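A closer look at the structure
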Amino acid sequence: KIVAAQKKGLLKDVKLGGVAIGDGAVSMVDAGATYPDILFQTSQIDYTQWHWLTIIASKMQISYYKGDYNNANNLLGYLMETIHNMTDDVFFYNIRYHHQPSPSLMMNESEEQARDKAYLK
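A brief look at the structure comes next. All values derive from a computational prediction rather than experimental measurement.

Criteria and thresholds
- Residue numbers here run from 1 along each chain, matching the order of that chain's written sequence.
- Predicted model: local features are reported for residues with pLDDT of at least 70 only, side-chain atom pairs are reported and counted for 80 or more only, and whole-chain, interface and lining totals are derived from all residues.
- Values shown for side chains rest on all heavy atoms present in the structure; no hydrogens or waters enter the calculation.
- In summary, the pairing rule links any two rings of Phe, Tyr or Trp, Trp by its six-membered ring, whose centres are within 6.5 Å, and it sorts them by plane angle into stacked for under 30 degrees, edge-to-face for over 60 and tilted for everything else.
- The buried label applies to any residue whose accessible area, calculated with a 1.4 Å probe on protein chains only, is under 20% of its type's maximum; exposed applies above 50%, and partly exposed to all values in between.
- Here an axis means a line fitted to C-alpha atoms, over the contact stretch when the element is a helix, while the angle between two N-to-C directions is reported on a 0 to 180 degree scale.
- For the purposes of this entry, the term helix denotes a DSSP run of H or I that reaches at least four residues, the term strand denotes a run of E that reaches at least two, and both are numbered from the N terminus.
- Roughly parallel here means an angle under 35 degrees, roughly antiparallel means over 145, roughly perpendicular means 65 to 115, and every remaining angle is called oblique.
- Less than a right angle of anticlockwise turn of the near helix away from the far helix marks a crossing as left-handed, whereas a clockwise turn marks it as right-handed.
- In what follows, residue pairs with any heavy atoms lying within 4.5 Å of each other are defined as contacts.
- Each residue is assigned to one of three groups, with Ala, Val, Leu, Ile, Met, Phe, Trp, Tyr, Cys and Pro labelled nonpolar, Asp, Glu, Lys and Arg labelled charged, and all others, Gly among them, labelled polar.
- Think of a nonpolar core as a cluster: buried Ala, Val, Leu, Ile, Met, Phe, Trp, Tyr and Cys residues, connected wherever their side-chain atoms sit within 4.5 Å.
- Helices are assigned an expected span. That span is 1.5 Å times one less than the residue count.
- Regarding the arc, it is the one traced by the directions from the helix axis to the C-beta atoms.

Side note on the packing of aromatic side chains
All chains considered together, the criterion is met by 4 aromatic pairs. Between Y64 and Y65 the ring centres are 5.7 Å apart and the planes differ by 70°, which places this aromatic pair in the edge-to-face class. With relative accessibility at 35%, the residue Y64 sits in the partly exposed group. Cluster of aromatic residues (ring-pair linked, three or more members): F40, Y47 and W50.

Some remarks on the packing of helix α2 (residues 28–41) against helix α4 (residues 69–86)
The contact between α2 and α4 brings their axes to 10 Å, and the two run at 25°. In terms of orientation, α2 and α4 fall into the roughly parallel class. Between α2 and α4 lies a crossing of left-handed hand. When α2 is examined against α4, the residues M28, G32, Y35 and L39 are found in contact with a partner set consisting of L76, L79, M80 and I83. In the contact of α2 with α4, the residues fall into 7 nonpolar, 1 polar and no charged.

Examining the side chain of T82
Within the secondary structure, T82 sits in helix α4. When near neighbours in sequence (up to four residues on either side) are disregarded, T82 contacts W52, L53 and I56.

Here we look at the packing of α2 against helix α3 (residues 47–65)
Closest axis-to-axis distance for the α2/α3 pair is 9 Å, and the angle between their directions is 170°. Judged by the angle between their axes, α2 and α3 are roughly antiparallel. Packed against α2, whose contacting residues are V29, D30, G32, A33, P36, D37, L39 and F40, the element α3 presents Y47, W50, L53, T54, A57, M60, Q61, Y64 and Y65 at the interface. Among the residues forming the contact of α2 with α3, the class breakdown is 12 nonpolar, 3 polar and 2 charged.

Topic: the nonpolar core
Core analysis: the largest hydrophobic core is formed by 15 residues, its most contacted members being Y35, L39, L53, M60, L79 and I83. Elements represented by at least two residues in this core include exactly α2, α3 and α4. Broken down by element, the residue count for this core peaks at 5 residues, all from α4. Excluding its chain neighbours within four sequence positions, the residues that come into contact with L53 are P36, L39, I45, L79, T82, I83 and M86.

A word on α2
Compared with an ideal rise of 1.5 Å per residue, which puts 14 residues at 20 Å, α2 spans 20 Å between its outermost C-alpha atoms and is within 8% of the ideal. Those residues of α2 lying buried are V29, G32, A33, Y35, P36 and L39. Two residues or fewer past α2, S43 is found with a positive phi of approximately 60°.

Here we look at α4
Taking 1.5 Å per residue, 18 residues should reach 26 Å; α4 reaches 25 Å between its end C-alpha atoms and fits that length. Along α4, the positions that sit buried rather than exposed are A72, L75, L76, L79, M80, T82 and I83. Along α4, the residues classed as buried sweep out an arc of 160° about the axis, all on the same side. Every exposed residue of α4 that faces more than 90 degrees away from the buried side is listed here: N70, N73, N74 and N85. Check the buried side of α4 and you find it contacts α2 and α3.

What follows is the structure, given as structure tokens:
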């Protein structure tokens, strides 16, 4: 809408520039803090695991709010690694994937069948 308005001679003082982020990973600290609750509510972890992950997430947030970004980032990595180890390899970014390769590496059934037929010739 801004570009269209500028083409009409309006909003001349608005300068467009910068980076557009099309991913939800804008604040990984905020996202990471929600992982324990999401995993618990979807029965991916039990109460004891939820409690432990919540402690890690809280320490991560405290480090971030104190300005200790390196420690917050390290704790985020530890949180994600712990989730991976506690669960059946739940991919923290999309919990629907368990013990599976990235969706981009997965083949459709027809592609797999075609590959098998070519191999068996």
